[in-house]
Amino acid sequence: MGSVLSRPERTVDYVPETVTRSVKLLVAGNFGVGKTTFVSSVSEIRPLRTEETITEASVGIDDMAGLPGKQQTTVAMDFGRITLNPQLALYLFGTPGQQRFVPLWEELARGALGALVLVDTRRIEKADEVLSVLEEREVPYAVAVNQFDGAQTYPLAEIRDALDLTPDTPLTALDARHRGTCLQSLITLVEFLFRRVEARQ
């Protein structure tokens with residue numbers, strides 16, 4: 001696609017005059033998988049966050065297994081923007097991960113070209129619910145494994161099998177704290193989505 005990545009400095013909030021195309025993308029995944037960190041890492045503008053402190057009210061509702069240090073959670077969405085090349089801007093909408101927020105996905109998914117689904121190998125079974133929601137709404141997606149410190153790593157082929165992904169579903173690995181790996185996963189997703197559009201045309 002010949003993409004030119006924008007500078008990481010977040011000094012300009014307006015969309016460059018050269019931009020002629022924009023794409024809405026979802027950043028999805030289960031609770032605690034790193035969506036807020038991902039959007040914060042890649043956004044060239046100050047990201048919008050809707051995080052709230054996790055309270056005792058979530059006991060028995062939110063599955064905190066494997067997330068001992070998690071203290072906040074997204075309750076509406078995260079929002080960021082990337083100018084992927086001089087003509088193309090990506091608008092990123094991070095979705096909340098809990099089941100009770102699925103109705104909110106209906107609005108967030110409206111007009112989205114596709115989604116990048118983050119997964120955590122420590123709780124990989126949690127990804128099935130998110131993938132099902134996207135498939136039911138016919139939102140095309142790519143998958144990216146967020147490699148947490150201390151988590152066991154697996155070959156991507158094994159992860160593909162564990163998630164029962166189709167052969168053409170893009171699968172990458174990233175660290176949500178590191179902008180470069182996040183951008184590469186987004187580029188992979190965008191190229192996949194544009195190939196789908198071109199095939200239909």
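Since we're looking at a predicted model, the values are computed, not measured.

> Honestly, the packing of aromatic side chains in this entry has me stumped. Any pointers?
Two aromatic rings are characterised by how far apart their centres lie and by the angle between their planes. Scanning the model with the defined rule gives two aromatic pairs in all. Counting every residue linked through ring pairs, the aromatic cluster contains Phe-79, Tyr-91 and Phe-93. The ring of Phe-194 carries the charged tip of Arg-21 above its face, separated from the ring centre by 4.7 Å. The ring of Phe-148 carries Arg-122 above its face, with NZ or CZ at 4.2 Å from the centroid.

> Explain a negative patch on the surface here, please?
Together, Glu-125, Asp-128, Glu-135, Glu-158, Asp-161 and Asp-164 make up a negatively charged patch on the protein surface. Looking at the negative patch, the elements with two or more residues in it are α3 (127-136) and α4 (156-163). Among the secondary structure elements, Glu-135 is positioned in helix α3. Among the residues examined, Glu-135 registers a relative accessible area of 48% and is labelled partly exposed.

> Can you walk me through the nonpolar core in this structure?
In summary, soluble globular proteins display a tendency toward joint burial of nonpolar side chains. Formed by 27 residues in total, the largest nonpolar core has its most connected members in Leu-25, Phe-38 and Leu-90. Looking at this core, the elements that each hand over two or more residues are β1 (21-29), α1 (35-42), β4 (78-85), β5 (88-94), β6 (114-119), β7 (141-146) and α5 (179-200). Looking at this core element by element, the count peaks at nine residues for α5. In this view, Leu-90 contacts Val-23, Leu-25, Gly-80, Arg-81, Ile-82, Leu-84 and Val-190; residues no more than four positions away in its chain are not counted. Judged by nonpolar contacts, the second largest core, of 24 residues, contains Phe-93, Val-119, Val-130 and Tyr-141.

> Explanation requested: α3 in the structure shown.
Owing to its 3.6 residues per turn, the α-helix aligns residues three or four sequence positions apart on the same side. The complete set of buried residues in α3 reads Ala-127, Val-130, Leu-131, Val-133 and Leu-134. Relative to the axis of α3, the buried residues are bounded by an arc of 155° and lie together on one face.

> Would you take a moment to explain the pairing of β1 for this structure?
As a general feature of sheets, a regular strand has side chains that alternate between the two faces. Judged by how many residues are buried, β1 sits mostly within the fold: seven of nine residues are covered. As judged from the seven bridges shared by β1 and β5, these two strands associate in the parallel manner. Pairing of Arg-21 across the sheet is with Leu-88, part of β5. Sheet topology places β1 next to β6; five bridges connect them, and they run parallel. From the neighbouring strand, Ala-28 faces β6, where its bridge partner is Val-117.

> Explanation requested: the confidence of the model for the chain in the structure shown.
A low pLDDT score tells you not to read the predicted coordinates there in detail. Taken over all residues, the pLDDT of the chain has a mean of 82, while the share at 70 or more is 76%. Across the chain, element-level confidence peaks in strand β8 (residues 171-174) with a mean pLDDT of 98 and bottoms out in strand β3 (residues 72-74) with 51.

> What's the story with the packing of α1 against α5 in this structure? I'm lost.
Geometry of a packed helix pair, given as the angle between the helix axes and the separation of the axes. Direction vectors running N to C along α1 and α5 enclose 95°, while the axes themselves pass 9 Å from each other. When the axes of α1 and α5 are compared, the pair comes out roughly perpendicular. On the side of α1, the interface is formed by Phe-38, Ser-41 and Val-42, while α5 contributes Arg-179, Cys-182, Leu-183 and Leu-186. Residues of the contact of α1 with α5, tallied by class, amount to five nonpolar, one polar and one charged.

Cut-off values and rules
Residues numbered from 1 in each chain as written. Predicted model: local features only at pLDDT ≥ 70, side-chain atom pairs only at ≥ 80, totals over all residues. Heavy atoms only, no water. Phe/Tyr/Trp six-rings, centres within 6.5 Å; stacked < 30°, edge-to-face > 60°. Lys NZ or Arg CZ within 6 Å of the ring centre and 35° of its normal. Patch = residues over 30% accessible without salt bridge, like charges linked within 9 Å, V, L, I, M, F, W, Y side chains within 5 Å. Areas by Shrake-Rupley, 256 points an atom, 1.4 Å probe, with all protein chains shown as cover. Salt bridge = Lys/Arg side-chain N within 4 Å of Asp/Glu carboxyl O. Lys, Arg positive; Asp, Glu negative; His and termini not counted. Charge placed at Lys NZ, Arg CZ, Asp CG, Glu CD. Helix = DSSP H or I, 4+ residues; strand = E, 2+ residues; numbered from the N terminus. Buried < 20%, exposed > 50% of the residue type's maximum accessible area, 1.4 Å probe, protein only. Core = buried A, V, L, I, M, F, W, Y, C linked by side-chain atoms within 4.5 Å. Contact = heavy atoms within 4.5 Å. Arc of directions from axis to C-beta. Pairing = 2+ DSSP bridges. pLDDT = per-residue confidence, 0-100. Axes fitted to C-alpha atoms, helices over the stretch in contact; angles between N-to-C directions. Parallel < 35°, antiparallel > 145°, perpendicular 65-115°, else oblique. Nonpolar A, V, L, I, M, F, W, Y, C, P; charged D, E, K, R; others polar.

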